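Descriptive analysis of the structure
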There are 2 protein chains.
Amino acid sequence: MTVPPRRIAAAAPGESWESVLWIGGGLLAGSREHLSSRSGRFVLVSSAGSRAPAGEVRRSLGAAILAEIEIDDREEAKTLSTVSRIADTALGAGVRRDDAVVAVGGGVVCDVAGFAAAILLRGIAWNAVPTTTGAMSDAAIGGKTGVDHSTGKNRIGAFHPPAAVLIDPAAAATLPDRDYRAGLVEAFKAAWIADAELASRIEDSLERLLARDEDALLAAVAGAAAIKAAIVSEDLKEGDRRRLLNFGHTAGHAFEAAGGYRDLRHGEAVAWGIAAALEISLRRAGLSGGEAARIRSALSRLGPFPEPSRDRAVLSSFLAGDKKFTSRGMAGVLLERIGRGKVVESVPLEEWLGAAERASLTV
Amino acid sequence: MTVPPRRIAAAAPGESWESVLWIGGGLLAGSREHLSSRSGRFVLVSSAGSRAPAGEVRRSLGAAILAEIEIDDREEAKTLSTVSRIADTALGAGVRRDDAVVAVGGGVVCDVAGFAAAILLRGIAWNAVPTTTGAMSDAAIGGKTGVDHSTGKNRIGAFHPPAAVLIDPAAAATLPDRDYRAGLVEAFKAAWIADAELASRIEDSLERLLARDEDALLAAVAGAAAIKAAIVSEDLKEGDRRRLLNFGHTAGHAFEAAGGYRDLRHGEAVAWGIAAALEISLRRAGLSGGEAARIRSALSRLGPFPEPSRDRAVLSSFLAGDKKFTSRGMAGVLLERIGRGKVVESVPLEEWLGAAERASLTV
């Protein structure tokens, strides 16, 4: 039985960009039908971890592939020099303005390849084929592309929404279990800030998700992707609405940085960051103890996640260095109730540090 | 006597960018008043050739300067690694999203610093203080930023219009005569494609321009900047309207590349490129012989410019590699009459080569 793919358009009225999300089982084999390139030609960017799905995309695109490059998908490789390698490959092959990039991989591959597309010939189109649960739920959608810098993550980049995003749960089939579970945190995060009904549904399907049931995964990432698409359609560039998606990311980024981007997966750091944000939400946003416990319970079932570093001096330096720490103060996202996030501008650094110290995933 | 500066706003209706051009004598000393930064803080980028005007900007900004870097302003330095150095300096100093870059220099400095601003923290504001006649007339306005690649010029970049452009003719006071004259070609180009009245006026003032009369220079660059601002307001991203500004740049880029970006200044290559485009315009766009002679005469008075390489094989490879050579064919700009340019899509490569061989600046 073939279920037709779900199509979700993300676009802001009056803006010049549009992303089309295609979500469904079996999409990879027919990727040529949904990937977008004005010339019909593509530059394929993948990684060692995404060889199986990249192979399916390659078979579908065939001679439409102008050039191909495999990049390292670890956070350490998310650098300008990897972008430069992609640019060398594409320009060396004679890429033109009407050609497009296809990124097949997780968040790192999508971020780096999308950024390369953003600056090649002052911007060519790109497509995302996410192969991790995190990239399907979050990273591949919304147009934030870029690389890290020694002073912090994602310090160099561009807003460049992909023309098309192909989400096929089968692309995550070979994903190691730890990455699979960590990435799901982003899907739950999306539901918790914006959609109580989806939150209940995916919490109920948690055992099937952990058993890697593709239908359950499809439902979870489709729900999360739809939320993200709706939010970025309203607000591509980090106004209040988009900042809701940063739920769990204020303390989360600090935990991730404190672990040198090695000790914790991004999703694991976000899980701990959500736990920290729950502490503050109980006090400042009227979140009930019962709902906080429900979220902790879901996160603990997705885990167990490795304990983060709680070194106060280290966390403090990373919190103070956050991109969102502008002259207006330290912005963060709290939860009023499940399905309703809230942006706050001015939670003192001290309070974030205290919450990070107390953050718990034990119910 | 103080003449108030002229203010020209460039902005596209419904788009999210706006550039404000300030044009006048004596602007440098009061640059703080016109440079734009939401936080009030600036990262200053300059070059050895722009030390005098950069000094004036520095005195005006004072403690508002967060970080400062001097870069090489030769074409060879227009690379991702120079952008990376600017990013290191800015991020190392703790640059935030509401800070802004100020580029004080010629086209290379504006292109590189503007591109660094485009990708720092996914885009911060920038300001241009052009110090060459070419950058005042053309390069600093319109939002094309970027760097070169071994496969060609400006292959990596972004559209990122400056928030403010400060054009003070005194900033060109220490510019070597060869650069001063070459840069004026861009001012004449703007007039020839779009404003017959301005063309007559600046042709008439040519001797005063060559004598480096600041009022004459102010009038010429103000006219050219106004044309460019009007065109990019209609069309930021290289639709037909903006492509008019490429008059002289099709063969010009090939001449410049054939000279290894050393033998000819950009403006000199454009002068030869205009001569080539005149050849084709006579045949295909109805340009009169008299007007072609008038343009050649002005260019020869701006020169003499060094002879370009006319090696057919070399020019052919650069023409075929042009960014504007899409699957639609080779686009170019012709002149119907002085004050009226015209974009054509499909002049055969052979015809460009023939015109490049015959291009003459002798009246």
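Residues numbered from 1 in each chain as written. Chains lettered and ligands numbered in written order. Predicted model: local features only at pLDDT ≥ 70, side-chain atom pairs only at ≥ 80, totals over all residues. Heavy atoms only, no water.

**A look at the overall build of chain A**
Counting secondary structure elements, chain A contains 15 helices and 13 strands. For 363 residues, the compact-globule estimate of 2.2 N^0.38 gives 21 Å, and chain A sits close to it at 19 Å. The C-alpha extent of chain A, read off along each of the three principal axes, is 60 × 45 × 40 Å. Expressed as a percentage of the 363 residues in chain A, the buried residues total 61%. Within chain A, contacts between residues at least 6 apart in sequence are counted, and of these 74% link residues at least 24 apart. Of the side-chain charges in chain A, 44 are positive and 45 negative, and the distance between the mean point of each set is 3 Å. (Helix = DSSP H or I, 4+ residues; strand = E, 2+ residues; numbered from the N terminus. Rg over C-alpha atoms; globule rule 2.2 N^0.38 Å. Buried < 20%, exposed > 50% of the residue type's maximum accessible area, 1.4 Å probe, protein only. Contact = heavy atoms within 4.5 Å. Lys, Arg positive; Asp, Glu negative; His and termini not counted. Charge placed at Lys NZ, Arg CZ, Asp CG, Glu CD.)

**Digging into the relation of the copies chain A and chain B**
Expressed as a screw transformation, the operator carrying chain A onto chain B has a rotation angle of 180° and an axial translation of 0.0 Å, and the superposed copies differ by an RMSD of 0.0 Å. Taken together, the turn and the small shift mark the pair as related by a two-fold rotation axis. The share of interface residues of chain A whose copies in chain B are also at the interface is 100%, consistent with both copies meeting through the same surface. (Least-squares fit on C-alpha atoms with pLDDT ≥ 70 in both.)

**With respect to the sheet that holds strand 2 (residues 18–23) of chain A**
Residues and elements named next belong to chain A. The sheet built from seven strands is open, its strands ordered 1-2-9-6-5-3-4 with mixed pairing. Where the open sheet ends on each side, the last strands, each with one partner, are strand 1 (6–11) and strand 4 (65–71). Here the average twist between neighbouring strands, direction ignored, is 15°. Judged from the two bridges that link them, strand 6 (residues 125–130) and strand 9 (residues 164–167) form a sheet pairing that is parallel. Bridge pairing links N127 to A164 in strand 9. Along the sheet, helix 3 (residues 80–92) makes contact with strand 3 (42–47) and strand 4, crossing strand 4 at roughly 155°. Relative to the sheet, helix 9 (residues 214–234) contacts strand 1, strand 2 and strand 9, its axis offset from that of strand 1 by approximately 20°. (Pairing = 2+ DSSP bridges. Axes fitted to C-alpha atoms, helices over the stretch in contact; angles between N-to-C directions.)

**Section: the pattern of salt bridges**
Residues and elements named next belong to chain A. Per the counting criterion, the structure on display carries 62 salt bridges over all chains. Across the pair E268 and R178 runs a salt bridge, and its minimum N-O distance is 2.7 Å. Residue E268 is located in helix 12 (residues 266–284), and its partner R178 is located in helix 6 (residues 177–194); the two are separated by 90 residues in the primary sequence. According to the relative accessible area criterion, E268 is buried, its value standing at 2%. Overlapping salt bridges, with partners in common, bring together E75, K78, D111, D148, K153 and E256 in one network. (Salt bridge = Lys/Arg side-chain N within 4 Å of Asp/Glu carboxyl O.)

**Here we look at the sheet that holds strand 3 (residues 42–47) of chain B**
Residues and elements named next belong to chain B. Read from one edge to the other, the open sheet built from seven strands follows the order 1-2-9-6-5-3-4, with strand pairing classed as mixed. Looking at which strands have only one partner, the edges of the open sheet turn out to be strand 1 (6–11) and strand 4 (65–71). Within this sheet the neighbouring strands show an average axis-to-axis angle of 15°, counted without direction. Running at roughly 165° to strand 3, helix 2 (residues 51–61) makes contact with strand 3, strand 4, strand 5 (100–105) and strand 6 (125–130) of the sheet. Sitting on the sheet, helix 3 (residues 80–92) is in contact with strand 3 and strand 4, with an inclination near 155° to strand 4.

**Overview of the confidence of the model for chain A**
When the pLDDT values of chain A are averaged, the result is 93; 96% of them are 70 or greater. Model confidence for the complex is summarised by a pTM of 0.92, with the ipTM given as 0.91. (pLDDT = per-residue confidence, 0-100.)

**Here's the deal with the packing of aromatic side chains**
All names here are of chain A. All chains considered together, the criterion is met by two aromatic pairs over all chains. Arranged with centres 5.5 Å apart and planes meeting at 50°, the rings of F188 and W192 form a pair that is tilted. Of this pair, F188 and W192 both sit in helix 6, four residues apart, which is roughly one turn of that helix. The pair formed by F188 and W192 is uniform in burial state, with each residue classed as buried. Over the aromatic face of Y180 sits the side chain of R212, whose NZ or CZ is 4.1 Å from the ring centroid. (Phe/Tyr/Trp six-rings, centres within 6.5 Å; stacked < 30°, edge-to-face > 60°. Lys NZ or Arg CZ within 6 Å of the ring centre and 35° of its normal.)

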